[in-house]
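# Summary of the model geometry
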Amino acid sequence: MKLIPKFKFFAKAADGEMRMISAESMDLKNGFFYYSYHDYTVEGDYGVYGDTIDFENCVAMLQSTGWFDRNGKEVYESDIVKIHSGKHSGKLLLVEFNHGICEPVCYYTSDSFEVVGNIYENPELLEKVG
């Protein structure tokens, strides 16, 4: 299986809200991400728009693990997952890369964990990780 790197970042989106945004492409030479979004601030507007953001205006650049949780949600580093099986059932764990290996999701089947948040949008969950 060929893993194509995918990233997301935490920044102020074009609608003015701070949120986790998936990068569609990166321009390393000029230092920006390209992303698309729905403009939910305009009533009845269901269009998809594109925008860019400078690397300096982003809080984080998080890499996809290539895994999906039990609900089909893609898992990124710095996500917090809840384990649903085995001796760690009910525990919250922080997804991290350790020497190129994504922990802890690499030790579980995708139907045994779910993403419940991330350290940027849900910092209160960090207190419960363990």
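Every chain begins its residue count from 1, and numbering advances along the sequence as written. Local features are withheld for residues below a pLDDT of 70 in this predicted model, meaning they are given only at 70 or higher, and side-chain atom pairs are given and counted only at 80 or more; totals for whole chains, interfaces and linings count all residues. Only heavy atoms go into the side-chain values, all of them from the structure, while hydrogens and water stay out.

Right, let's get into the pairing of strand E8 (residues 79-83). Burial classes follow relative accessibility: with a 1.4 Å probe on protein chains only, a residue under 20% of its type's maximum area counts as buried, one over 50% as exposed, and anything between as partly exposed. Runs of E in the DSSP output that reach at least two residues are strands. Runs of H or I that reach at least four are helices, and both are numbered from the N terminus. Counting buried residues along E8, four of its five residues qualify, which places the element largely inside the surrounding structure. Any two strands are treated as partners once DSSP identifies two or more bridges connecting them. Of the strand pairs in this sheet, E8 and strand E12 (residues 113-118) are connected by five bridges, and their pairing is antiparallel. Considered in E12, the bridge of isoleucine 80 is made with glycine 117. Note that E8 and strand E9 (residues 92-94) share three bridges and pair antiparallel.

On to unusual backbone geometry, then. The phi angle at serine 78 is positive, at roughly 75 degrees, despite the residue not being glycine. With respect to the helices and strands, serine 78 occurs in the loop between strand E7 (74-76) and E8. Since its relative accessible area comes to 11%, serine 78 is described here as buried.

Attention now goes to the pattern of salt bridges. What makes a salt bridge here is a side-chain nitrogen of Lys or Arg within 4 Å of a carboxyl oxygen of Asp or Glu, nothing more. According to the stated counting rule, one finds one salt bridge in the structure shown. A salt bridge links aspartate 79 to lysine 8; the shortest N-O distance between them is 3.7 Å. Linking aspartate 79 in strand E8 with lysine 8 in strand E1 (residues 7-12), this pair joins segments that are 71 residues apart in sequence. For the pair shown, aspartate 79 and lysine 8 are each scored as buried.

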